Amino acid sequence: MSGSWIGGLASNAVEGWHAHRTPIILCTLATLAALRVYLHLNDDGVELNALPKLYEKEKTGTKPKEASPTTKASGPKRIKGGLAKKPSTESNEVDLTKPIKVLVFFSSITTKTEKLATAYVESLSKRLAEITASTGRKTLAPELLDLAEVDFDDYFISPPKEAEPTAYLYLFLLPSYNIDSINDTFLEHLQETHHDFRIDTAPLAPLLGYAVFGYGDKEGWPNENEGFCFQAKDVDKWMAKLTGRKRAYPVGMGDMKSDHVERFAEWASGIEDTIRHIATTGLLGEGIPGSGAADESDADVEEEYDDGEVVFDDEEVATQKNSSSRGLDDLEDLGKMINSSTAGDKKSKKAPIAVDFTTYGKTTAKPNHPSGAKEMVAKNSPTYTALTKQGYAIVGSHSGVKICRWTKSALRGRGSCYKYSLYGINSHQCMETTPSLSCSNKCVFCWRHGTNPVGTNWRWVVDPPDMIFDGVKENHYKKIKMMKGVPGVRAERYSEALQIRHCALSLVGEPIFYPHINEFLALLHAERISSFLVCNAQHPDELAALKAVTQLYVSIDASNKESLKKIDRPLHRDFWERFQRCLDILREKRFRHRTVFRLTLVKGFNIEDEAEGYAQLVERGLPCFVEIKGVTYCGTSTSSNAGLSMSNVPFYWEVCEFARALEKRLEAKGLKYGIAAEHAHSCCILLASERFKVDGKWHTHIDYKRFFELLEERGADGDWTPEDYMGPPTPEWALWGNGGFDPRDDRVDRKGRKKEAIVVREAPE
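- Under an unreviewed UniProt entry, the name given to the chain is S-adenosyl-L-methionine-dependent tRNA 4-demethylwyosine synthase, and the organism recorded is [Torrubiella] hemipterigena.
- The record held by UniProt for the chain lists under Catalytic activity (unreviewed entry) the comment "N(1)-methylguanosine(37) in tRNA(Phe) + pyruvate + S-adenosyl-L-methionine = 4-demethylwyosine(37) in tRNA(Phe) + 5'-deoxyadenosine + L-methionine + CO2 + H2O".
- Here the chain is described in UniProt, under the heading Pathway (unreviewed entry), as follows: "tRNA modification; wybutosine-tRNA(Phe) biosynthesis."

What follows is the structure, encoded as structure tokens:
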């Protein structure tokens, strides 16, 4: 009985221990801590050996006792390495006198996010005024900042410096793109800042906090695992590292085609509550996600670095598998390893640790090509869907072709484009294509709906030129064949259209960006397809390396640095220097290529009082021709949010006035240019160098047959001049003053009824 009773008692004790061990342990620890504090406060002479004594009492005035040199501490050695971290002062140094300022950062290609961000800042301003009234904490007016316009160093290495001490809260409203955009540049900057050993591990820790809201498209990216709002999540992750995990509110995500309004309202409400709490306490919160003390996600934890302390066991340093296989991600880790090796057993001489200094950055999206490189326009991406809906045929991963509206018009005998009037190109035999859908500008007048990729350098899969050439031809012919049953198509022109004779490399993007542009041009020329290549004066090295091309264009959209930045919105920071270098290269090529400056006039941007500036650029580049063209407005253009409307489209008489003013400025500079031809239907006027005026007649057309003969006789690097393939005199109907409308065709209204071409070249009285 006694044995049974004892066994039962033991069993009950074990069960009680398991049921209540947590509070028992906590109570025991609390009791020991209270006892130690009591003894320290009330017994000056007692030496406590149970726990190591960290300091001597200040009132004794004695120094801490030094450990005996012969005494060997038990346990592993603790070796300090890397940057010493400053102790957090958030909990005991709260300054409620600093005003709160909210900075709202956004990025936008299609301008949707910018509109949403603008509306949010307006409503937030009212909410902040209410918070100030209820809490007494001063709040400043929120500021809206475009990531494409700010200098990242001013905001993301340390908080901005103000004359009055200010506490900042960063908010981000970010769509996610599967194309190169400012988001990629921003993420790269955050990552580089985090990895830079010269910068504190949490340089943005002085911020009150940050929060991110992402916009996505679930049709293209069904869920988070497949890329929904992936760039917003990446910004959230890197900001967590740079701020010391000061996430003010969990990252929000909304689908632009369904629930983004509801999701954003929830997120904005949470941000308001957080700001109110900050205004009251000075802190994000205690014990809640975003307080700065809560655990991050698994992904964050896996990529975090050590806290400046590495633990080694004396006897197992050389044999630890983890230490030998673990990669070094930062120079901080290198410092830890060096310190540990010098502080260890100096008697054992070992080979130095091999360190790989290569930086392996993580991509924001999984590679979608066997080579591991990213495709510029993947078939499962929203970009691909958007471009194909607009009528583009995507070839490979970065090329495209689209049938031009002038091709359709010429097939039906309703007029050809300006290239026929000015240079003798048959529009119905012209293929409009590009080997690179990416561009390095975001021009306000671009009619490509903001869906083409943008980037400053090539980082994608490179498709071979022969595959692109075959693909664009095949798709162009498919689109031509679709016109066979369209009312009004002329049989002879349809037959001619099935033989491409010209390629306009100006569809979208930057064709010179393609690494094998010379090989692609050679394939065109081998089939006697002429080439007009248009570049945006942002890639001087590629321009300098360009070989034979029938006619070479450079877009000149502004006469000075400020206007160029405003209208082209270039991604390169040294855009003006690149621009000027391209003009110098064009000057060198003017006796090798037919060179053209293309001026796109946008009222309110680059017309008023800029003739002199353009004249200076012409003086610098000395092109063969200067095309002056009024902007074409498209209601779905991305420029709608850049202030572009029908009021920015110049009348033809305004383009004529500008052309005459430019001609006068060039004449005053002693430059021999004159107004040679026009195509009023396209609002386009051509100034030509008098090199192309023979016996008093303009010769702006091209002898294409002679061009290919020169190319075959002398090669792509052969020695010839533009005058060698100068064509016959420009037709009378195309000369300045005659309108430039193809007399073979009939101009019609929207209902197909014939109408007279009336040209107004003077300002109405």
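There's plenty left to go through after this.
Looking at the sheet that holds strand β12 (residues 530-535)
Either a parallel or an antiparallel arrangement is found when strands of a sheet pair, and the pairing is made through backbone hydrogen bonds.
Next, step 1: If you trace the 10 strands from one edge of the open sheet to the other, you get β8-β9-β10-β11-β12-β13-β14-β15-β17-β16, paired in mixed fashion. Each having just a single partner strand, β8 (393-395) and β16 (673-679) make up the two edges of the open sheet. Adjacent strand axes in the sheet meet at a mean angle of 25° when their direction is disregarded.
Next, step 2: Judged from the 4 bridges that link them, β12 and strand β13 (residues 551-555) form a sheet pairing that is parallel. Its bridge partner lying in β13, Val 534 is registered against Tyr 553.

Thoughts on the side chain of Arg 594
Next, step 1: With respect to the helices, strands and loops of the structure, Arg 594 is situated in the loop between α18 (575-589) and β14 (595-601).
Next, step 2: Although Arg 594 lies buried, it forms no salt bridge, and the closest oppositely charged side chain, Glu 627, sits 8.2 Å away as judged by the N-O distance.
Next, step 3: A distance of 2.7 Å separates the side chain of Arg 594 from the side chain of Gln 551, its partner in a polar contact.
Next, step 4: A polar side-chain atom of Arg 594 sits 2.8 Å from the main-chain carbonyl oxygen of Thr 700.

What about the side chain of His 539?
Next, step 1: Within the element layout of this structure, His 539 appears in the loop between β12 and α16 (540-544).
Next, step 2: Among the residues examined, His 539 registers a relative accessible area of 4% and is labelled buried.
Next, step 3: Residues within four places of His 539 in sequence aside, it is in contact with Ser 440, Thr 456, Glu 510, Ile 512, Phe 513, His 572, Arg 578 and Cys 582.

Brief notes about the sheet that holds strand β3 (residues 143-146)
Next, step 1: Judged by pairing direction, the sheet is parallel, and its 5 strands sit side by side in the order β3-β2-β4-β5-β6 without closing on themselves. The outermost strands of the open sheet, each flanked by one partner alone, are β3 and β6 (252-255). Put simply, the sheet's adjacent strands are angled 20° from each other on average, direction ignored.
Next, step 2: One ladder, built from 7 bridges, connects strand β2 (residues 100-106) with strand β4 (residues 167-175); its direction is parallel. Bridge pairing in β4 links Phe 105 to Phe 172.
Next, step 3: Against the sheet, helix α2 (residues 112-135) touches β2, β3, β4 and β5 (209-216), its axis set at about 170° to β2.

Digging into the pairing of strand β9 (residues 399-402)
Next, step 1: Sheet topology note: the β8/β9 ladder contains 3 bridges and is antiparallel. Note that in β9 the partner of Val 395 across the bridge is Ser 399.
Next, step 2: Taking the residues between adjacent antiparallel strands as the criterion, β8 and β9 are bridged by 3 residues, where Gly 396 takes a positive phi near 65°.
Next, step 3: Pairing between β9 and strand β10 (residues 430-434): 3 bridges, direction antiparallel. Across the sheet, the residue bridging to Lys 402 is Glu 432, located in β10.

Observations concerning the pattern of salt bridges
Next, step 1: Under the criterion given, the structure shown has 28 salt bridges.
Next, step 2: Between Arg 581 and Asp 541 there is a salt bridge, and its shortest N-O distance comes to 2.9 Å. You can see Arg 581 sitting in helix α18 and its partner Asp 541 sitting in helix α16, a full 40 residues away along the chain.
Next, step 3: A relative accessible area of 41% means that Arg 581 is categorised as partly exposed.
Next, step 4: Note that Arg 761 and Glu 678 form a salt bridge whose closest N and O atoms lie 2.5 Å from each other. With a gap of 83 residues between them, Arg 761 in the segment after α21 (704-714) and Glu 678 in strand β16 connect regions that are remote in the sequence. Per residue, the accessibility class of Arg 761 equals that of Glu 678, and both read buried.

What counts and how
- Once a new chain begins, its residue numbering starts again from 1 and follows that chain's sequence as written.
- A pLDDT threshold of at least 70 governs which residues receive local features in this predicted model, and a stricter bar of 80 or more applies before side-chain atom pairs are shown or counted, although totals over entire chains, interfaces and linings include all residues.
- Values shown for side chains rest on all heavy atoms present in the structure; no hydrogens or waters enter the calculation.
- UniProt positions are given in the numbering used here, feature names are shortened, and annotations may be inferred rather than shown by experiment.
- We treat two strands as partners when DSSP finds at least two bridges between them.
- In this text, helices come from DSSP runs of H or I with a minimum length of four residues, and strands from runs of E with a minimum of two, each type numbered from the N-terminal end.
- Between N-to-C directions, angles cover 0 to 180 degrees, with each direction set by a line fitted to C-alpha atoms, over the stretch in contact for helices.
- For each residue, the accessible area found with a 1.4 Å probe, counting protein chains only, is set against the maximum for its type, and the residue is called buried under 20%, exposed over 50%, and partly exposed in between.
- Charged residues are defined here as Lys and Arg on the positive side and Asp and Glu on the negative side; His and the ends of the chain fall outside this count.
- For this analysis, a salt bridge means a side-chain nitrogen from Lys or Arg found within 4 Å of a carboxyl oxygen belonging to Asp or Glu.
- Two N or O atoms count as a polar contact when they lie within 3.5 Å, although within protein this holds only if one can serve as hydrogen donor and the other as acceptor, and sequence-adjacent residues are included solely when both atoms are side-chain atoms.
- Contacts are assigned to residue pairs that have any heavy atoms within 4.5 Å of one another.

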